Amino acid sequence: MVVRTKGVRVRNRAIFIRKFPKTKKGNMAAPNSSFPQEGVATSAQQNLDAITDDDFEYVDEEFVLSHPPQQPAQPEPMIPDLFKQPPLVKDDLITDTSRLQDQTVEHCLPFLTTEDGPLDVNDYGLPKLNREKHIKFLKQSLGPLPGRFVAVDASRPWYLYWCLSGLTMMGEDVSSYRESVIETARTMQNESGGFGGGHGQTSHLATTYAVILAIALVGGEEAYDVIDRKAMWKWLCSLKQPDGGFQVCVGGEEDIRGAYIAAVIITLLDLPLDLTPDSPAYDGRSNLLTGIAEYVRSCQTFEGGISSQPNNEAHGAYAFCALACLAILDNPRRIIPSYLDVPRLVSWLSYRQYAPEGGFSGRTNKLVDGCYSHWAGGCFPLIEACLSPSGSGSEKDKTSTGLAAAPESLYSREGLIRYILCCCQDQTKRGGLRDKPYKMSDPYHTNYVLSGLSSAQHQWDLDSDPLPLSNGDTTPTLAVLGADSVWNVFPYIDEKDQIYEDSDRVRPIHPAYAIPQKNVNGIRGYFQGHSGFAST
């Protein structure tokens, strides 16, 4: 693929032929020669008719020209008009929100059209993924931070996950951080179960999720053994609610994040499903998975998106939590259409992707933000798996639930990749990835922008149809949980041309667990072979 750069100044040579009169000795005439100069009158007019060409000699003279030659015009990068101009359709009502949207488009267009930003772009107007700078930024973020970062002290587990995950996607081996993660995680774990944001801080599902994923990324039995599974199980039982959802901490709010994170923890650590008698949800029949899918269904809004709690505003991150939670509980082809209105959800998610920016917003009437490359863009692999065709022959255009099968892609992968590579890269010496061009990079956006890039560059397929459930169950037991959800990943190949360099492809991550599949298999396999504590 051609990389376009500025031209360089070159030196040209030109050859001219000049005619000089001969002297009697055959040399060129001296300036004071009495021989008549061509075109110069003399006092004694001579008979010019008597002068012939034999009286002259021809000499080549070479001149060096230092001005640059005319550069051949290079064809403009192949950028679709959709990503080069403001939206053709605009609302006549001018509000603060619409003004801010217009300003965002103005900020993004110079980067999208190559008028600003990095000099070198390929035939499609895209710069390269600046791996070296981004890797350096993430490694620095894992080290000592300035004093002003004390405000995010409770987010230390997240910094571990964001940085390790981003480095992993860019091909770095993060096992060298294993000892540091082990020592840090031990200080955050509470005897009552779960991990807090730091030593002595209350256990929270969000920080527990981040620590467990960080441990899964560095891998190794010593790291896995840091987790007190029995205390974790009891703590999750204390968070389980009668309506099927989970509080995020003891006495805290109950929302869709709790349902997703609980599903991740239960399956990665292979925890028992039985509830302790002191669990708020204990009734002698229910377990940790009971009612989760019903709770997820209650969070779908009239728009089609998913809210944090029933009757709240739909949000892209909660849509991902809902879809990923269901995909962990059962085969997406069966469970997602059974509990969600998929056509309305697809419609809502589609409206989150904007043009000309190409990126996603998180809510209705909000601006694009690089992090939603994952939270909203990462929903599509799960939906596409849910709508992947089953059977053969006349049934190949339908799913097992009767919905029309999805085409290869339900969103503009090209648009998202353009937004990420053109607008989200901090091209200064700082490195990292960001929300949008006028924002600073940070580990949070760096990780989730790379996650969205990974999702857009790869295709995830389910290798099997749902297995039948026994005894009228609506969700499988832990023993078969996810057993029929065999995921295969391939590089996504566009029907037209690939708009980015092969060297800019990042590693794939599991569509539900948000870490590479080998890390999911590593931690699950370890605990499936070490299920050894009593559940009472």
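Residues numbered from 1 in each chain as written. Predicted model: local features only at pLDDT ≥ 70, side-chain atom pairs only at ≥ 80, totals over all residues. Heavy atoms only, no water.

The name an unreviewed UniProt entry assigns to the protein is Protein farnesyltransferase subunit beta, from the organism Neurospora tetraspora. What UniProt states about the protein under its Subunit (unreviewed entry) heading is, verbatim, "Heterodimer of an alpha and a beta subunit." UniProt's Sequence similarities (unreviewed entry) comment on the protein is quoted here verbatim: "Belongs to the protein prenyltransferase subunit beta family." (UniProt positions renumbered as here; feature names shortened; annotations may be inferred.)

Some points on the overall build of the protein
The number of helices and strands found in the protein is 17 helices and four strands. When the 536 residues of the protein are sorted by exposure, 50% land in the buried category. For the protein, restricting intrachain contacts to residue pairs at least 6 apart in sequence, the fraction spanning at least 24 positions comes to 73%. Only carbon and sulfur atoms are counted for the fraction: they give 51% of the accessible area of the protein, which is about 25,900 Å². (Helix = DSSP H or I, 4+ residues; strand = E, 2+ residues; numbered from the N terminus. Buried < 20%, exposed > 50% of the residue type's maximum accessible area, 1.4 Å probe, protein only. Contact = heavy atoms within 4.5 Å. Areas by Shrake-Rupley, 256 points an atom, 1.4 Å probe, with all protein chains shown as cover.)

Notes on a negative patch on the surface
A surface patch of negative charge is lined by Glu-408, Asp-461, Asp-463, Asp-494, Glu-495 and Asp-497. The topology assignment puts Glu-408 in the loop between α14 (379-386) and α15 (413-423). Here Glu-408 falls in the partly exposed class, since its relative accessible area comes to 45%. (Patch = residues over 30% accessible without salt bridge, like charges linked within 9 Å, V, L, I, M, F, W, Y side chains within 5 Å. Salt bridge = Lys/Arg side-chain N within 4 Å of Asp/Glu carboxyl O. Lys, Arg positive; Asp, Glu negative; His and termini not counted. Charge placed at Lys NZ, Arg CZ, Asp CG, Glu CD.)

As for the packing of helix α5 (residues 205-218) against helix α7 (residues 229-239)
Between α5 and α7, the least distance of the axes is 13 Å, while the angle of their chain directions is 150°. The orientation of α5 relative to α7 falls into the category roughly antiparallel. Here the hand of the crossing between α5 and α7 comes out left-handed. Contacts between α5 and α7 involve Leu-205, Thr-208 and Ile-212 from the former and Met-232, Trp-235, Leu-236 and Leu-239 from the latter. (Axes fitted to C-alpha atoms, helices over the stretch in contact; angles between N-to-C directions. Parallel < 35°, antiparallel > 145°, perpendicular 65-115°, else oblique. Left-handed = near helix turned anticlockwise from the far one by under 90°.)

What about the environment of Glu-132?
Topologically, Glu-132 is positioned in helix α2 (residues 131-141). Sequence separation between Glu-132 and Gly-431 is 299 residues; the distance between their C-alpha atoms is 8.4 Å.

A short note on empty space enclosed by the protein
Enumeration over the complete set of coordinates arrives at two cavities of 30 Å³ or more. Around the largest cavity, the lining comprises 14 residues; the ones closest to its centre are Pro-381, Ser-455, Ile-509, His-510 and Pro-511. Listed by contribution, the elements that provide at least two residues to the lining of the largest cavity are α16 (443-457) and β3 (458-462). The greatest single-element share of the lining of the largest cavity, amounting to three residues, is contributed by α16. A class-by-class count of the residues in the lining of the largest cavity yields seven nonpolar, seven polar and no charged. (1 Å grid on protein atoms, 1.4 Å probe; cavity = no way out; pocket = protein on both sides within 12 Å on 5 of 7 lines; lining within 4 Å. Points joined across faces, edges and corners; volume = space filled by probe spheres on them. Nonpolar A, V, L, I, M, F, W, Y, C, P; charged D, E, K, R; others polar.)

Observations concerning the layout of surface pockets
Of the volumes computed, that of the largest pocket is approximately 670 Å³. Forming the boundary of the largest pocket are 22 residues, of which Val-89, Asp-91, Gln-101, Tyr-354 and Asn-365 lie nearest the centre. Residues that form the lining of the largest pocket fall into these classes: nine nonpolar, eight polar and five charged. Here the second largest pocket is characterised by a volume of approximately 530 Å³.

Thoughts on the confidence of the model for the protein
A residue-level look at the protein finds 78% of positions with pLDDT of 70 or above and a mean pLDDT of 85. Here residues 4-16 is modelled with pLDDT under 50, and outside its nearest four sequence neighbours on either side it reaches 39 contacts, counting other chains as well. Every residue in residues 24-48 is under pLDDT 50, and counting partners more than four places away or in other chains gives 19 contacts. (pLDDT = per-residue confidence, 0-100.)

Some points on the packing of aromatic side chains
In this structure the tally under the stated criterion is 19 aromatic pairs. On the basis of an interplanar angle of 40° and a centroid distance of 4.8 Å, the ring pair of Trp-375 and Tyr-448 is categorised as tilted. One end of the pair, Trp-375, is in helix α13 (residues 372-375); the other, Tyr-448, is in helix α16, with 73 residues separating them in the sequence. The ring of Trp-348 carries Arg-352 above its face, with NZ or CZ at 4.9 Å from the centroid. Between the NZ or CZ atom of Arg-434 and the centre of the ring of Phe-111, over which it lies, the distance is 5.7 Å. (Phe/Tyr/Trp six-rings, centres within 6.5 Å; stacked < 30°, edge-to-face > 60°. Lys NZ or Arg CZ within 6 Å of the ring centre and 35° of its normal.)

With respect to the nonpolar core
Counting 139 residues, the largest nonpolar core has Tyr-161 and Tyr-260 as the members making the most contacts within it. Setting aside anything within four residues of it in sequence, one finds Tyr-161 in contact with Ala-210, Leu-213, Ala-214, Leu-217, Asn-447, Tyr-448, Ala-514 and Ile-515. (Core = buried A, V, L, I, M, F, W, Y, C linked by side-chain atoms within 4.5 Å.)

Section: the pattern of salt bridges
Counted according to the given criterion, the structure contains 16 salt bridges. The salt bridge partner of Arg-344 is Asp-341, with a shortest N-O separation of 3.0 Å. Taking relative accessible area as the criterion, Asp-341 reaches 31% and is therefore assigned partly exposed. With a closest N to O distance of 3.4 Å, Glu-384 and Arg-413 form a salt bridge.

Side note on the side chain of Ser-279
In this structure, Ser-279 sits in the loop between α8 (256-268) and α9 (292-298). What makes Ser-279 buried here is its relative accessible area of 5%. A distance of 2.6 Å separates the side chain of Ser-279 from the backbone oxygen of Cys-237, its partner in a polar contact. Those residues in contact with Ser-279 that sit more than four places away from it in its chain are Cys-237 and Lys-240. (Polar contact = N/O pair within 3.5 Å; in protein donor to acceptor, adjacent residues only side chain to side chain.)

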